[in-house]
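# Structural description and commentary
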Amino acid sequence: MTANMYVNQIVKKIKCSGKKRKEIRRQLLADLEIDLQNGETMAAVMLRMGEPIVIAEEFNQNLPDRERKLYKRGILLKTTGCIAAVLVLLICAVLWFLPKTAQIEKSGIFQAKALEERSREVIRLLDAQDYEALKKISIDEMKAVLNKDSMDQARASVSSDWGDFIEFGKFYMQEYTQMGKTLALVQINTAYKNTSVTYTILFDKSMKIAGLYMK
């Protein structure tokens, strides 16, 4: 794990205003940079500092009341404004209740390498805001929401300032079959300059986008 990804995992769990979160992120990265320049490995730093959720909780316990109020206000605004922005498309509710699952390695339909390549392509097109290209590799039901307004709302529900893309993290894949439909689910952890994003993408048998979610 890189310093950026480690710090992003910490900062995402700190319950404060966006401005304060950026300040904490800058300080953590600066401290890590000093440790690494002094010859300490990232693995050693993480072992010494501990799990991101534990570090974040320490910050939360020491935040002033004003920051807690600003965080709650931000959550309220997101809750009321992002219902339409969260993109879980063509994922029927029943899909999540006891579907038949299979490892991609045992799938007779999907191949892990092809899914990874297509997922990378989808994310690059999203970052480039090339929605026409995305529509060409999507099912019809997805095309209506693959536009700048919908994607901007979805991105804002994750963070107001992503920054430039840095790197892809781990890929998790699984095949789902239910009600006569077979889909591949791919989750990808990604790092941007100012935040980390987990994409969940569904593909149909033709490798077209059948669902998209980011958090």
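Read on for an overview of the structure. (Residues numbered from 1 in each chain as written. Predicted model: local features only at pLDDT ≥ 70, side-chain atom pairs only at ≥ 80, totals over all residues. Heavy atoms only, no water.)

### A few points about helix α9 (residues 148-158)
Within α9 the residues assigned to the buried category are Ser150, Met151, Ala154 and Val158. Viewed along the axis of α9, the buried residues span an arc of 95°, placing them on a single side of the element. At the N-terminal end of α9, a side-chain oxygen is found 3.3 Å from the backbone nitrogen of aspartate 149, two or three residues along, and the residue is asparagine 147. (Buried < 20%, exposed > 50% of the residue type's maximum accessible area, 1.4 Å probe, protein only. Helix = DSSP H or I, 4+ residues; strand = E, 2+ residues; numbered from the N terminus. Arc of directions from axis to C-beta. Polar contact = N/O pair within 3.5 Å; in protein donor to acceptor, adjacent residues only side chain to side chain.)

### Details of the pattern of salt bridges
For the coordinates displayed, the defined rule picks out eight salt bridges. Its salt-bridge partner being glutamate 116, residue arginine 120 comes within 2.9 Å of it at the nearest N-O pair. Of this pair, arginine 120 and glutamate 116 are both found in helix α6 (residues 112-128), four residues apart, which corresponds to roughly one turn of the helix. For glutamate 116, a relative accessible area of 28% puts it in the partly exposed group. Across the pair arginine 118 and glutamate 121 runs a salt bridge whose closest N-O atoms are separated by 3.0 Å. Of this pair, arginine 118 and glutamate 121 both sit in helix α6, three residues apart, which is roughly one turn of the helix. (Salt bridge = Lys/Arg side-chain N within 4 Å of Asp/Glu carboxyl O.)

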